[in-house]
Amino acid sequence: MTPRPTPSGSDPKKSAAKAAKSVKKAAEKAVTKKAAVKNPDPVAEKAPAKKAATKKAPAKKAVAKKAAEQNAVSKAVTEAVSKKAAAKKPAKKGPAAKAKKVTAPAPATALEAPSAPVPVSPPEAPAPVPVQPPEAPVSVPAPPPEAPASPAMPVGDRDRLLSGTHHDPHGVLGAHPVSGGVAFRVFRPYALAVTVVTGDGDVRAELHDDGDGFFSGLLPLREVPTYRLLVAYEGAVQETEDAYAFLPALGDLDLHLIGEGRHEQLWTALGAQPMTHQGATGTRFTVWAPNARGVRVAGTFNFWDPSAFAMRSLGSTGVWELFVPGVGEGELYKFEITRPDGSRTLRADPLARRTEVPPNTSSIIHASHHEWQDGEWLANRAAGVPAHEAPFSVYEIHLPSWRPGLTYRQLAEQLPAYVKDLGFTHVELMPVAEHPFGGSWGYQVTGFYAPTARLGTPDDFKYLVDALHQAGIGVLMDWVPAHFPRDEWALAEFDGRTLYEHEDPLRAAHPDWGTLEFDYGRREVRNFLVANAVYWCEEFHIDGLRVDAVASMLYLDYSREPGQWVPNVHGGRENLDAVDFLQEMNATVYRRVPGVVTIAEESTAWDGVTRATHHMGPGGFGGLGFGLKWNMGWMHDSLDYMAHEPVHRKYHHHEMTFSMVYAYSENYVLPISHDEVVHGKGSLVSKMPGDWWQQRANLRAYLAFMWAHPGKQLLFMGQEFAQGAEWSEAHGPDWWLLDPAYGAEADHRGVRDLVRDLNVVYRHTPALWQRDTDPSGFQWIVGDASEDNVFAFLRYDADGSPLLSVSNLSPVVRPNYRLGAPDDVPAWLESLNTDTAKYGGGDVTNPDIVKPDPQGWHGRPASIQLTLPPLATVWLRPA
């Protein structure tokens, strides 16, 4: 509960006022004499020098007189402060009760200078001689002999601090040298008293209560000391360093890079950073809010009252900063921003590295303590070949629903073993960044720098990544820089005006999802996103980023009708700012984190998605710089073909062959993702025609065709065992289908066994992956057998060793089916057949070695004869 001030009727300050009254006249008299020495009567100064000479006296007499006056003032002030402190202190003993014997300077009211010095004759000595006060329990240097300034808060600063609109609270709060000593000003609402304790605690002085939570005092010190504050609340005394005694905890280089939009480790400069600063432990809070009139920090550490925690503006960068001593990990916080119109908004930290579990929205101070064990994996990754030249089969996972209820650490005990058993090289995690609505699956992000708290802490997520790496599995994650939701506590109009979103409403509003698009032309926003991509790769050892909704970023007219968009400076529809951003992101990630891969979900024919950024294309653009691109065309065409009854497939034969027209225009991934098995689209097996046996046969044949086709593979969870129901994030895959007690368990297990064997053969057959982006790695045997629904092609590895893939997508057995073959392979052996009995098929196979005949066929000098099983794909390798 927030400490509250005592009722006005029991204010202990009234008794203190009486104690101070008796010494005020003595103090004023002493100060007046000092002022007279410093500012002699101007009339007297004009007297002839000869007359002034007659009033000379020995300097020793002036020194003695001065020391006596100082001793009298010090004694009187000490007695007054002691009486006031005794009257104001709580009855219970606290830190203040343990103080050593002190000699304290007077409170502000006892040291105020008269409104105007009284003119007096000049002293006998031509100039005052500085002296030390007589011996006392603690020696306090005397201030310069001039009228002390009032330590009270100026009215304008007071009002701005109360209203949350002060841009430089450090300029008025804390300790500051003034004429007459050092002025201390503290703003602590609800405090009963504030005491300054200097040095090792031998000197302390209670500050004057100026009302509204302001306290001030003037200590006769020559320089600002190290000090702490004792803040007395009703029933409690808090001892702490003063937040306004610290220099900025953010360096000039950080500010320069932020201003330039080139801080590639932005998360180390902005957000909440636990640290030791100027010898004190605490947390540095920094936030970018250039339009704010003022920013304050609210959190559990100040009972969500930000009044006393105003941040300072660090110049033209728009960054606000405050180091708060004594605040550490685990505390909740938000930023209270005063908008340009004077209204206030409470916002989560855009760079928070940990958040509350939704629907709660606070940010949490976090520091990582995870000790990585994946050094060997990272070394091999950095030294390895690019992803498009390596085996790359991906299991896509929605972590919250893969095994509902499991935490990151519990997933780490089950997921790596499952994926390794199935032989996938990578997992792709649907967005793990924090998001408020679970039904968005993570694609509407509010916490770009925080893994979702639904499954644990950031260190727990690191533990999962570490476990996958130690199992030999790479980790990709979906990354969403295309848009963000409009939640009023997050990024939307963050500081009262458009900031992260584009200032043009036509460019800001995303037409499909009711969200906001980033302003990629603003350097600070681009920096926020580029650094975020680097952050996941460096801090969480992520091996690759699959970038969501790239097409919506690239085109100004995406999902917009005429009149709803404005052409670029060249009159085109390309979003030039987004192009620049994607190029910068890819170049930065590849430079900083060797071995990672970026993957574009891009559904159009944009030229050069996976081309290097410095290679210009025919359209005048450099490449976007991605490593891989989802082949959305192949996915749509092939699924459309498979959905037809076999009797009609001959009319759609080109849908399975058209992808080879453009297969080498980019580095492709063949995606069967979550998007294809949700929202009424049905699961993968349910898309297939026919009865249950035919559906499974079609599915098995399709998967083997997919694994043999040029490009990498991606399969969404649940499809590996032919789940019949479409995916739902509420309950995840139907694992009960693999329960031996279930009657049809063998049917589902058979499909999963096939997926495992596809991955095993794939990994050990370089022809299936080594030349995915090289046209010489592929040759059609027959691509026009539409009447037979047959597709046959060769894949070659770098050494020219082939693999033959043949798919019969009709429901009939085709015995002695003749296919053209190269004449330099003396014999072929079946290495995989999707109709094998263990997969649930009819077991129509070619168990013997197949030797070519000298009879030419399909334009080849030789040919072979095979028995093609119905609705099946067969792979053959050289015997």
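Residues numbered from 1 in each chain as written. Predicted model: local features only at pLDDT ≥ 70, side-chain atom pairs only at ≥ 80, totals over all residues. Heavy atoms only, no water.

## A few points about the environment of proline 416
For step 1, the next point in the chain: Here proline 416 is to be found in helix H10 (residues 408-422).
For step 2, the next point in the chain: When the C-alpha atoms of proline 416 and glycine 472 are compared, they prove to be 8.6 Å apart, with 56 residues separating the residues in sequence.
For step 3, the next point in the chain: In contact with proline 416, other than residues within four places in its own chain, are Leu411, Ala467, Leu468, Ala471 and Ile473. (Helix = DSSP H or I, 4+ residues; strand = E, 2+ residues; numbered from the N terminus. Contact = heavy atoms within 4.5 Å.)

## With respect to the sheet that holds strand S28 (residues 790-796)
For step 1, the next point in the chain: On the basis of which strands lie adjacent, the open sheet formed by five strands has the order S27-S28-S29-S33-S31 and antiparallel pairing. In the strand order of this sheet, the two ends are held by strand S27 (778-785) and strand S31 (828-833), each with one partner. The mean inter-strand angle of the sheet, taken between neighbouring strand axes irrespective of direction, is 20 degrees.
For step 2, the next point in the chain: Alignment of strand S29 (residues 802-808) against strand S33 (residues 872-878), held across five bridges, turns out to be antiparallel. Looking at S33, one finds that leucine 804 is bridged to leucine 876. (Pairing = 2+ DSSP bridges. Axes fitted to C-alpha atoms, helices over the stretch in contact; angles between N-to-C directions.)

## Examining the pairing of strand S22 (residues 544-547)
One face of the sheet, then the other: side chains in a regular strand alternate in exactly this way.
For step 1, the next point in the chain: With burial as the criterion, each face of S22 is covered, one bearing Gly544 and Arg546 and the other bearing Leu545 and Val547.
For step 2, the next point in the chain: As paired strands, S22 and strand S23 (residues 597-600) are joined by four bridges and run parallel to one another. Counterpart to leucine 545 in the pairing with S23 is threonine 598. (Buried < 20%, exposed > 50% of the residue type's maximum accessible area, 1.4 Å probe, protein only.)

## Quick word on helix H7 (residues 252-260)
For step 1, the next point in the chain: All of the buried residues in H7 are Leu255, Ile258 and Gly259. Down the axis of H7, the buried set is contained in an arc of 100 degrees. They therefore lie on one face.
For step 2, the next point in the chain: In this structure, the buried side of H7 is in contact with strand S13 (319-325) and helix H13 (523-539).
For step 3, the next point in the chain: Positioned one or two residues after H7, glycine 261 has a phi angle of 70 degrees, which is positive. (Arc of directions from axis to C-beta.)

## Details of the pairing of strand S7 (residues 227-233)
For step 1, the next point in the chain: In terms of residue burial, S7 counts as a mostly covered element, since six of its seven residues are buried.
For step 2, the next point in the chain: Judged from the six bridges that link them, strand S3 (residues 193-198) and S7 form a sheet pairing that is antiparallel. What sits directly across from threonine 198, in S7, is tyrosine 227.
For step 3, the next point in the chain: Two elements, S7 and strand S8 (residues 236-240), share five bridges in a ladder whose sense is antiparallel. For leucine 229, the partnering residue across the bridge sits in S8 and is threonine 240.
For step 4, the next point in the chain: The turn linking S7 back onto S8 is made up of two residues, and glycine 235 within it adopts a positive phi angle of 85 degrees.

## Considering the packing of helix H16 (residues 632-643) against helix H19 (residues 692-708)
For step 1, the next point in the chain: Between H16 and H19, whose axes approach to 12 Å, the crossing angle comes to 150 degrees. By the criterion of interaxial angle, the relationship of H16 to H19 is roughly antiparallel. Considering how the two elements wind past one another, H16 and H19 form a crossing that is right-handed. On H19, the residues touching Trp634, Met635, Ser638, Leu639 and Met642 of H16 are Asn698, Tyr702, Phe705 and Met706.
For step 2, the next point in the chain: In the contact of H16 with H19, the residues fall into seven nonpolar, two polar and no charged. (Parallel < 35°, antiparallel > 145°, perpendicular 65-115°, else oblique. Left-handed = near helix turned anticlockwise from the far one by under 90°. Nonpolar A, V, L, I, M, F, W, Y, C, P; charged D, E, K, R; others polar.)

## Some words on the nonpolar core
For step 1, the next point in the chain: Grouped together as the largest cluster of nonpolar side chains are 181 residues, with contacts concentrated most on Phe285, Leu399, Phe461 and Trp536.
For step 2, the next point in the chain: A total of ten residues in this core trace back to one element, the largest contributor, which is H13.
For step 3, the next point in the chain: The next biggest cluster of nonpolar side chains, apart from the first, holds 20 residues, and it includes Ile781, Ala792, Leu819 and Val825. (Core = buried A, V, L, I, M, F, W, Y, C linked by side-chain atoms within 4.5 Å.)

## Thoughts on the packing of aromatic side chains
For step 1, the next point in the chain: Across all of its chains, the model carries 47 aromatic pairs by this definition.
For step 2, the next point in the chain: Between tryptophan 288 and tyrosine 500, the ring centres sit 5.6 Å apart and the planes meet at 90 degrees, which makes this aromatic pair edge-to-face. Pair noted here: tryptophan 288 is in strand S10 (residues 280-288) and tyrosine 500 is in the loop between strand S21 (474-479) and helix H12 (505-508), with a separation of 212 residues, a long-range link.
For step 3, the next point in the chain: Exposure remark for tryptophan 288: the relative accessible area of 4% places this residue in the buried category.
For step 4, the next point in the chain: Plain terms: the ring middles of tyrosine 500 and phenylalanine 528 are 5.1 Å apart, the flat faces sit at 65 degrees to each other, and that makes the pair edge-to-face. Placement of the pair is tyrosine 500 in the loop between S21 and H12 and phenylalanine 528 in helix H13, with a sequence separation of 28 residues. An identical accessibility class is assigned to tyrosine 500 and phenylalanine 528; each is buried.
For step 5, the next point in the chain: Stacked on the ring of tryptophan 735, the Lys or Arg arginine 403 has its end atom at 4.2 Å from the ring centre.
For step 6, the next point in the chain: Here arginine 546 stacks its cationic end above the ring of tryptophan 630, 4.1 Å away from the centre of that ring. (Phe/Tyr/Trp six-rings, centres within 6.5 Å; stacked < 30°, edge-to-face > 60°. Lys NZ or Arg CZ within 6 Å of the ring centre and 35° of its normal.)

## Observations concerning the sheet that holds strand S9 (residues 271-277)
Hydrogen bonds along the backbone pair up the strands of a sheet, which may run parallel or antiparallel.
For step 1, the next point in the chain: Within the open sheet, the four strands sit side by side as S9-S10-S13-S12. Their pairing is antiparallel. Every other strand in the sheet has two partners, leaving S9 and strand S12 (312-313) as the edge strands with one partner each.
For step 2, the next point in the chain: Note that S9 and S10 share seven bridges and pair antiparallel. Following the sheet pairing, alanine 272 is matched in S10 by phenylalanine 285.

## Details of the confidence of the model for the protein chain
For step 1, the next point in the chain: Per-residue pLDDT for the protein chain has a mean of 87; in total, 83% of the residues score no lower than 70.
For step 2, the next point in the chain: Counting interchain partners and residues more than four positions distant, the pLDDT-below-50 stretch residues 1-144 has 144 contacts. (pLDDT = per-residue confidence, 0-100.)

## A look at unusual backbone geometry
For step 1, the next point in the chain: The omega angle of the peptide bond from proline 358 to proline 359 is 15 degrees, so this bond is cis rather than trans.
For step 2, the next point in the chain: Within the secondary structure layout, proline 359 lies in the loop between strand S15 (344-347) and strand S16 (363-364).
For step 3, the next point in the chain: The backbone of asparagine 789 sits at a positive phi, close to 60 degrees, despite the residue not being glycine.
For step 4, the next point in the chain: Tracing the backbone through its elements, the reader meets asparagine 789 in the loop between S27 and S28.

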